[in-house]
Amino acid sequence: MIETCDQIFVLLQHWLVSFLPAAWQQAAGVLLSVATIVCVFPALFAVAVWLERKGLGRIQNRIGPNRVGPFGLLQPIADGIKSLTKEDIVPLSADAAVHFLAPVLLVVTVFMGFAVLPMGRNMVLVDMDAGLLFYFAMGTSSELAVFMAGWSSRNKYSLLGAMRAVAQMISYEVPLLLSSVVVVMITGSLSLTKIVEAQNHYTWGLPHWYIFTPWGFAGFLLYAISTTAETNRSPFDLPEGESELVAGYHTEYSGFKFALFFLGEYVAMFSISGLGTTLFLGGWSAPFSFLTWIPSWIWFFSKLMLSIFVFIWMRGTLPRLRQDQLMNFAWKFVLPMCLVNLMVTGLWRFMGEGWLRWVVCSAILIAAYAGLGLGEMCKQRLGPRSYRYAE
Amino acid sequence: MLGEGILKGMAETAKNFFGSYFSAERLTTVEYPEQRVAPFEAARVFPFLVFDQENRDGGGPEWEAGMRCVACQICEKECPPKCIYIEKSKDKKLDYLGKAQYYPARFDIDISVCMSCQICVEVCPFEAIKMDTEYELSTDDRFGSLLLDREQLAKSNEYYHQIHPTEASAVDTRLAAEKVKADARAKAAAQAATAKAVAIAGEGA
């Protein structure tokens, strides 16, 4: 029974596919999985938008949406209908082809990432040996879509937003990759299913998730910072910066194309949270050995929603960074910390079992954090403000 | 330490998030169409014209007969966005002091232009124009329905007492004092006239 619950989607797929002739079965199975992914995550997007609006409301001591349906639950549907019925305006001077392709490319690349994410035991679309590499290749292509949108709109706000987005995404791409490399160093595999398997065993009922090691904890925090910047979420939402850039790179998009950007942004957030879950939080494994009877996909999606909640919580708390603060933080703090973490992970791997490696690795990381944090980031250079004018 | 402020901020927002479910007084907003906040006494939206029920002269409905406005057109001239339009009457009516005054044959305020500055109220020597607190004025006709005429603008002194009680009482006291003074002056004038008449009569005799 427990086994059936855990594998219910896999069994369902096999059962549905078994009606087809043998030659078609494999292709049909893949198509079915793709269709499921393409339906489930937009549905989750609707829930997340509702959660975000409610959560932000509560954080600001408001009630949040409460007009459409009970507790405003139908609000995402109303929003969807509204965006579908709006006029789709393409600026006269815009590069129509690129303007049209940008949202499509964004959504496609974002959904491609899910192909390699294991969402439960045996629930992975393509079990690729270099899954992590594939994921990052797809994740990086979404930057192209953002720049296409900003460039083709031929609008100064769009272009500024796109420039900011590209500068920010490329700067944080480096720490994002370096912070996940530590997992590959320990597991010895780029396959995401192998990474989850490596974390899915227990000592005294507690799991061997990578977040419960010094390098894993540091890696997870660095990963979380980089993903926040990578998905353009507050406090790194400079590319959209609605108080200064209208809406950033999607200023000139309306109607359903705008909805696609909105969807792409949230789905990217799900997918990158899913990857973080897989890398550091044990993927679909249960947090205690006595809870392993709960289906694996429930664990995966609960961890995913928990990450989304933290994203919302941070958005409700932090103000936007300035461009120079953003860049300084990436290059002077996050990147050196990632490099230190790489070294610490190597040390952990070769120091052997025992308490000594815990002490040494934690000490190095804390020292690096204190040194970099106090030395570079907390230094305030305050002085008389000087103005320069064009002559 | 780096990151300390972030944790402090996150704790604060978490307190707000959970607190708003447990204590209703944390919620600073009300659910508007069902719940409303009572307007503050000093609130002001757009001007209205005050009429008195007890002082009336001439025919017409109550609001027209008791209107305090004497069509002096000071407010029209002072209005910064020029949203007031007044046409003076040809005939005169008695005001509350018993003095013959003109009255507005037309008095229009375009509230789509009005900027709620209250200058018309401050310059009016007759306490005839005051600020209303009514704010639900949306309409589907942006030209006709936002141009308020005399009848729409006229509100009774009782209504003025309801929305601005302190201010309205002060105005009433001042007007009553003026009326007493005017009555006294009229009496004195009447006495002087009789005295003069008596004197003339005496001389004649």
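Residues numbered from 1 in each chain as written. Chains lettered and ligands numbered in written order. Predicted model: local features only at pLDDT ≥ 70, side-chain atom pairs only at ≥ 80, totals over all residues.

## Details of the overall build of chain B
Part 1: Helix and strand counts for chain B stand at seven helices and eight strands.
Part 2: Relative to a compact globule of 205 residues, whose C-alpha radius of gyration would be 17 Å, chain B shows 26 Å and is clearly more extended.
Part 3: Dimensions of chain B, computed from C-alpha atoms along their principal axes, come out at roughly 110 × 35 × 35 Å.
Part 4: Sorting the 205 residues of chain B into buried and exposed places 19% on the buried side.
Part 5: Expressed as a percentage of contacts within chain B between residues at least 6 apart in sequence, the contacts between residues at least 24 apart total 67%. (Helix = DSSP H or I, 4+ residues; strand = E, 2+ residues; numbered from the N terminus. Rg over C-alpha atoms; globule rule 2.2 N^0.38 Å. Buried ≥ 20, exposed ≤ 12 C-beta atoms within 10 Å, placed from the backbone. Contact = placed C-beta atoms within 7 Å.)

## Observations concerning the confidence of the model for chain A
Part 1: On average, chain A scores 86 in pLDDT, and the residues at 70 or more come to 97%.
Part 2: Of all helices and strands in chain A, the one with the weakest mean pLDDT is helix α10 (residues 242–245) of chain A (70), whereas helix α9 (residues 214–230) of chain A scores best (91). (pLDDT = per-residue confidence, 0-100.)

## Some points on the interface of chain A and chain B
Part 1: At the interface, 14 residues of chain A touch 14 residues of chain B.
Part 2: Among the elements of the structure, α3 (22–59), α12 (296–317) and α14 (356–377) of chain A are those that each provide at least two residues to the side of chain A that touches chain B.
Part 3: Looking at the side of chain A that touches chain B, its residues break down into six nonpolar, six polar and two charged. (Nonpolar A, V, L, I, M, F, W, Y, C, P; charged D, E, K, R; others polar.)

## Concerning the environment of Thr-29 of chain B
Part 1: Tracing the backbone shows Thr-29 of chain B in the loop between α1 (4–22) and β1 (47–51).
Part 2: If we skip the residues at most four places from it in the chain, Thr-29 of chain B touches Arg-62 and Ile-63 of chain A.

## Quick word on the packing of α3 of chain A against α12 of chain A
Residue and element names in this part refer to chain A.
Part 1: At a minimum axis separation of 9 Å, α3 and α12 run at an interaxial angle of 40 degrees. Classified by the angle their axes make, α3 and α12 are oblique. For the pair α3 and α12, the crossing hand works out as right-handed. Judged by residue contacts, Ala-48, Leu-51, Glu-52, Gly-55, Leu-56 and Ile-59 of α3 engage Ile-308, Ile-312, Arg-315 and Gly-316 from α12.
Part 2: Its residues assigned to classes, the contact of α3 with α12 shows six nonpolar, two polar and two charged. (Axes fitted to C-alpha atoms, helices over the stretch in contact; angles between N-to-C directions. Parallel < 35°, antiparallel > 145°, perpendicular 65-115°, else oblique. Left-handed = near helix turned anticlockwise from the far one by under 90°.)

## Some thoughts on the sheet that holds strand β6 (residues 129–131) of chain B
Residue and element names in this part refer to chain B.
Part 1: Taken in spatial order, the three strands line up as β6-β1-β8 in an open sheet, and their pairing is mixed. Across the chains shown, the open sheet's two edge strands, defined by having one partner strand only, are β6 and β8 (154–156). Going across the sheet, the axis of each strand differs from the next one's by a mean of 50 degrees, ignoring polarity. (Pairing = 2+ DSSP bridges.)

## Section: the pairing of strand β5 (residues 104–110) of chain B
Part 1: Examined bridge by bridge, strand β2 (residues 84–88) of chain B and β5 of chain B share five bridges and lie antiparallel to one another. Bridging from a neighbouring strand, Lys-88 of chain B pairs with Pro-104 of chain B of β5 of chain B.

## A word on the nonpolar core
As a rule of thumb, soluble globular proteins bury nonpolar side chains together.
Part 1: Formed by 79 residues in total, the largest nonpolar core has its most connected members in Val-267 and Val-334 of chain A.
Part 2: The residues touching Val-334 of chain A, leaving out its near neighbours within four places in the chain, are Pro-175, Leu-222, Ile-225, Ser-226 and Phe-329 of chain A.
Part 3: Counting 24 residues, the second largest nonpolar core, distinct from the first, contains Ala-71, Phe-107, Ile-109 and Tyr-160 of chain B. (Core = buried A, V, L, I, M, F, W, Y, C linked by C-beta atoms within 7 Å.)

## With respect to unusual backbone geometry
Most peptide bonds adopt trans geometry, and most residues besides glycine take a negative phi value.
Part 1: Put simply, Ser-234 of chain A and Pro-235 of chain A share a cis peptide bond, and its omega is 5 degrees.
Part 2: Non-glycine residue Phe-71 of chain A carries a positive phi angle of around 55 degrees.
Part 3: When you line up the elements, Phe-71 of chain A lands in the loop between α3 and α4 (75–85).
Part 4: With phi around 55 degrees, Lys-82 of chain B is a residue other than glycine that occupies positive phi space.
Part 5: Structurally, Lys-82 of chain B is set in the loop between α3 (74–78) and β2.

## So, helix α8 (residues 192–199) of chain A
All names here are of chain A.
Part 1: Burial in α8 covers these residues: Leu-192, Thr-193, Ile-195, Val-196 and Gln-199. The buried side chains of α8 occupy one side of the element, clustering within an arc of 160 degrees when seen end-on.
Part 2: Buried residues along α8 sit against α6 (131–152), α7 (156–187), β2 (206–207) and α11 (255–280). (Arc of directions from axis to C-beta.)

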